[in-house]
Amino acid sequence: MDLQLLGPVEATRDGSRIALSGTKMHTLLAALLLARGRVVPDTRLSRLLWGAEPPATMSAQIYTYVSRLRKLLDPEVALERRSPGYSIRTGECRVDILEYERLDRCGRQALQEHRYAEAAALLRDALELWQGPMLVNVTEFLAEEEVPQWEEGRAATLENRMEADLALGRHQQVVAELTRLVADFPLRERMRAQLMTALYRCGRQADALHVFDEGRAVLADELGIDPGSGLRAAHQALLCATLDLEPRAEERTSATLTPAPAATTNASAPAPAPAPAVTAGSVPTLSQIPSPRNGAAPAYPLPAQPSPADAPLPRAAFEQPEQAERFDQSEGFGRSERSERPAPGGSAGPTAPGSPARPGSPAGPGGLADGGPHTASPFMLPPDIAGFSGRTRELAELYRLLAPRPAGAVAEPRRCLITGMAGIGKTALAVHAMHAARDEFPDGQLYADLTGADGTPKDPRDVLVRFLRALGTEPPESAVHDLEELVRIYRTRTADRRLLVLLDNASERAGLAPLLPAGPHAAVLVVGHVHLAAETGPATLALGAMNRTESLALLTRTIGKARTTAEPGAAERIVEYCAGLPLALRIAGARLAARPHWSVGRLAQRLADEPARLAELSFGELDVTGTLASWLRRTGTEDREVLTRLSALGSRAFTPVSAAPALGVPLRLAEDLVERLADGWLLEPVHSPGTVGTLAGSAFRFHPLLLLHVLSLPVERPVRAAPLAQAS
């Protein structure tokens, strides 16, 4: 039996398609297959089948769908009830996603080992498994969650196949296909660099230059950024005539090439012969960043004090979610194949201060890492946020954490927790700082969202497998479900590496310890709503609401100085209504930028209506209500109930003394409850002068927008501890 997901979801037996009736049946089969034998909980199946509004008979309907599917697929496929959900065993069936993963993995390995003909054949076979757009006959809930990461993986496979074809001298054959791919994926810089290489090798230098100029314009218009180092390197190599017109003969052989010698610490030793340049020459990076090792301060782009920009940003810049909370590029195969970059002078690639050179570490252009040629350092960070503004103090703190250590300094783990309420810009701040500091961590940047779309923590085993694959290590099949073994491999793999790791949406239930690199030369930023000092260490960066100056600067950056200058009073009112929440400010700015015929005062007037304010703060995928609702779903039912009862106290600051009657619990319990909410940023602590540390000084208040949202929630039942008040 063949089970297919790379296209319409289908099951075929002996070449005949099995009739699966309805979208729900296709969704159920796809969800179970994508879990690869692991249990899919009923709650997840419900969300994938019906979204946020499942029917009252949800469990019965799931059971019915499973029973029908079991009858259709028996005996080749077994569907099993395993609490708290279902799993699937496919036996000897051919599952196309598993075959695609195998071919893609083998193709990447062959490419790294310079077996270009084999790599091209394997990757071409992997791509031929795609039978059209993926998951076209499932619910939108499953498609929205799974399709983007698989499409990203397919694009990466295409890039790797083009890399192999170019190394085999097939530039004339791939020009037309690359031209179409660049039109389909205009923001993928690696594809654009490959097209430039193919055109140049065909003698079309002018066309190659036009492709670069076009890409630079697209990146500026769509994202407000300049080309990355890879595309700039291809452009520089083109101008310097170092993009070879014809690949050397050894590049076209299908035999395994002899690896370049391992890096040596002897500075006088001759550098190894450069490996074939496929799309662009290597570009030194660390040498361009002054650091305490050579007596200068780090050259990170620390922003000046907020000042309004003169021109608005492109509309596309606002249509990315401000928190970037769903940029899980560690899913699927969406890993960058950015090559290790050599240190200046062709010497061994950078190693951590005081640590010995790793065997096989980069030895110059085309050098090896971990004993394998052309090893890529992963780049899994989400895109930087266009138009980032403010947070000067917080950025300075992060830059100090990520800056190179002075010579002779004690090497100890660098970890920091960034915490704050939903929509406050935690992920945006972390991503912005890590993009600025990435060249100080040449062994790669890893990213993982630790919370699923349904609010449940992701299995650390899944995250570790993706991290290991990104680092070029395929864990043995026996270790995929063994957390201890995966942790051992991960810590061994990261022991001496200078890695930058971002763990997003961390929670008390998401185990952080297995995901922390072992060595002292890595840096880890953890983003979450709760305090996790036990695992992250004492360094914590708590983000509060932006002040008036920063808020006005962000709004001005979005809509342009001319509009805020023309209506300063209206701009001030919008800043007041957004209450220092960056997500709300971006939405307000995006609405005005998308409607140039609107006056600033018109939006200010609409936001002045409190009952309708949250509805006004929505634009495209950006939605304050949705963000706050998703945040609250991750909290316990009791905490939500406490919030709804405390909302009766309104916007003024209150103490546990005034909270106790509203909750109907004793004073000590009221203090514990509100402190717990403050730990999760559901309440903001307020200290009265001269009373800090006393019960009277422990005052709290709601963020204005969170209060509006909580006031709309129903009070379903009393607080569980209410009987304690009666007993007392």
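Computed from a predicted model, the values in this text were never measured in an experiment. (Residues numbered from 1 in each chain as written. Predicted model: local features only at pLDDT ≥ 70, side-chain atom pairs only at ≥ 80, totals over all residues. Heavy atoms only, no water.)

Even after reading the chapter, I still don't get the pattern of salt bridges, so can you show me in this structure?
Any two side chains of opposite charge can pair, given that their charged atoms come close. Per the stated rule, a full pass over the model turns up 38 salt bridges. Among the ionic pairs, Arg44 bridges to Glu145, the shortest N-O distance being 2.7 Å. Of this pair, Arg44 sits in helix α2 (residues 42–50) while Glu145 is found in helix α6 (residues 140–167), placing the two residues 101 residues apart along the sequence. Residue Glu145 is classed as partly exposed on the basis of its relative accessible area, which comes to 24%. (Salt bridge = Lys/Arg side-chain N within 4 Å of Asp/Glu carboxyl O. Helix = DSSP H or I, 4+ residues; strand = E, 2+ residues; numbered from the N terminus. Buried < 20%, exposed > 50% of the residue type's maximum accessible area, 1.4 Å probe, protein only.)

Honestly, the sheet that holds strand β4 (residues 40–41) in this entry has me stumped. Any pointers?
The strands making up a sheet associate through hydrogen bonds between their backbones, and the pairing can be parallel or antiparallel. Across the sheet, 3 strands lie side by side as β4-β6-β5; this open sheet has antiparallel pairing. Looking at the sheet topology across the chains shown, the edges are occupied by β4 and β5 (78–82). The pairing of β4 with strand β6 (residues 85–89) spans 2 bridges and is antiparallel. Directly across from Pro41, in β6, lies its bridge partner Gly85. Across the sheet, helix α1 (residues 22–34) is in contact with β4, β5 and β6; its angle to β6 comes to roughly 75°. (Pairing = 2+ DSSP bridges. Contact = heavy atoms within 4.5 Å. Axes fitted to C-alpha atoms, helices over the stretch in contact; angles between N-to-C directions.)

I keep staring at the sheet that holds strand β10 (residues 414–419) and nothing clicks. Help me out?
A sheet is described by the order of its strands in space; here 5 strands give the open sequence β11-β12-β13-β10-β14, paired in parallel fashion. Each having just a single partner strand, β11 (445–449) and β14 (540–542) make up the two edges of the open sheet. Neighbouring strand axes in the sheet, compared pairwise and without regard to direction, differ in orientation by 15° on average. Note that β10 and strand β13 (residues 523–528) share 6 bridges and pair parallel. Its bridge partner being in β13, Thr419 is matched across the sheet by Gly528.

Whenever I open this one, the pairing of β11 confuses me. Can you help?
Each regular strand displays side chains that alternate between the two surfaces of the sheet. With respect to burial, β11 is a largely interior element, 5 of its 5 residues being buried. Burial of the side chains of β11 extends over both faces: Gln445, Tyr447 and Asp449 are buried on one face and Leu446 and Ala448 on the other. As paired strands, β11 and strand β12 (residues 500–506) are joined by 5 bridges and run parallel to one another. Bridging from a neighbouring strand, Tyr447 pairs with Leu502 of β12.

Sorry if this is basic, but what is going on with the confidence of the model for the protein chain here?
Detail in the predicted coordinates should be disregarded across regions flagged by low pLDDT. Averaged over every residue, the pLDDT of the protein chain is 76; residues scoring 70 or more account for 76%. Segment residues 689–696 is flagged for pLDDT under 50; beyond a separation of four residues in sequence, or across chains, it makes 7 contacts in the model. (pLDDT = per-residue confidence, 0-100.)

Can you walk me through the packing of aromatic side chains in this structure?
What describes a pair of aromatic rings is the distance from one ring centre to the other and the angle between the planes of the rings. Summed over the entire model, instances satisfying the criterion amount to 4 aromatic pairs. Where Tyr100 meets Trp130, the ring centres are 5.9 Å apart and the plane angle is 80°; that geometry is what we call edge-to-face. Separated by 30 residues along the polypeptide, Tyr100 in helix α4 (residues 96–112) and Trp130 in the loop between α5 (116–128) and α6 bring together distant segments of the chain. In terms of burial, Tyr100 and Trp130 fall into one category: buried. The positively charged end of Arg81 is found above the aromatic ring belonging to Tyr86, 4.8 Å away from the centroid. Across the ring face of Phe379, the terminal group of Arg438 is positioned such that the distance to the ring centre comes to 4.1 Å. (Phe/Tyr/Trp six-rings, centres within 6.5 Å; stacked < 30°, edge-to-face > 60°. Lys NZ or Arg CZ within 6 Å of the ring centre and 35° of its normal.)

Help me out: how do you make sense of helix α24 (residues 656–663) in this one?
Three- or four-residue spacings in an α-helix give side chains the same orientation, since the helix completes a turn every 3.6 residues. Among all positions of α24, only Pro656, Ala659, Ala660 and Leu663 are buried. The arc that holds every buried residue of α24, seen down its axis, measures 110°, which confines them to one face. Along its buried surface, α24 packs onto α23 (637–646), α25 (667–679) and β18 (699–701). Once α24 finishes, Gly664 follows within two positions and takes phi at roughly 70°, a positive value. (Arc of directions from axis to C-beta.)

Just checking my understanding: could you explain the environment of Tyr65 for this structure?
In this fold, Tyr65 is placed in helix α3 (residues 58–73). Assessed through its relative accessible area of 15%, Tyr65 is described here as buried. Residues Tyr65 and Leu28 lie 37 residues apart in sequence; the distance between their C-alpha atoms is 7.7 Å.

Before we go on, may I ask you to explain the nonpolar core in this structure?
In summary, soluble globular proteins display a tendency toward joint burial of nonpolar side chains. Counting 115 residues, the largest nonpolar core has Leu503, Ile574 and Leu646 as its most contacted members. For this core, the element with the most residues is helix α12 (residues 426–437), which contributes 8 residues. Not counting residues up to four positions away in its chain, the partners in contact with Ile574 are Leu555, Ala588, Leu592, Val600, Leu603, Ala604 and Leu607. With 48 residues, the next largest nonpolar core counts Leu20, Leu28, Leu29 and Leu73 among its residues. (Core = buried A, V, L, I, M, F, W, Y, C linked by side-chain atoms within 4.5 Å.)

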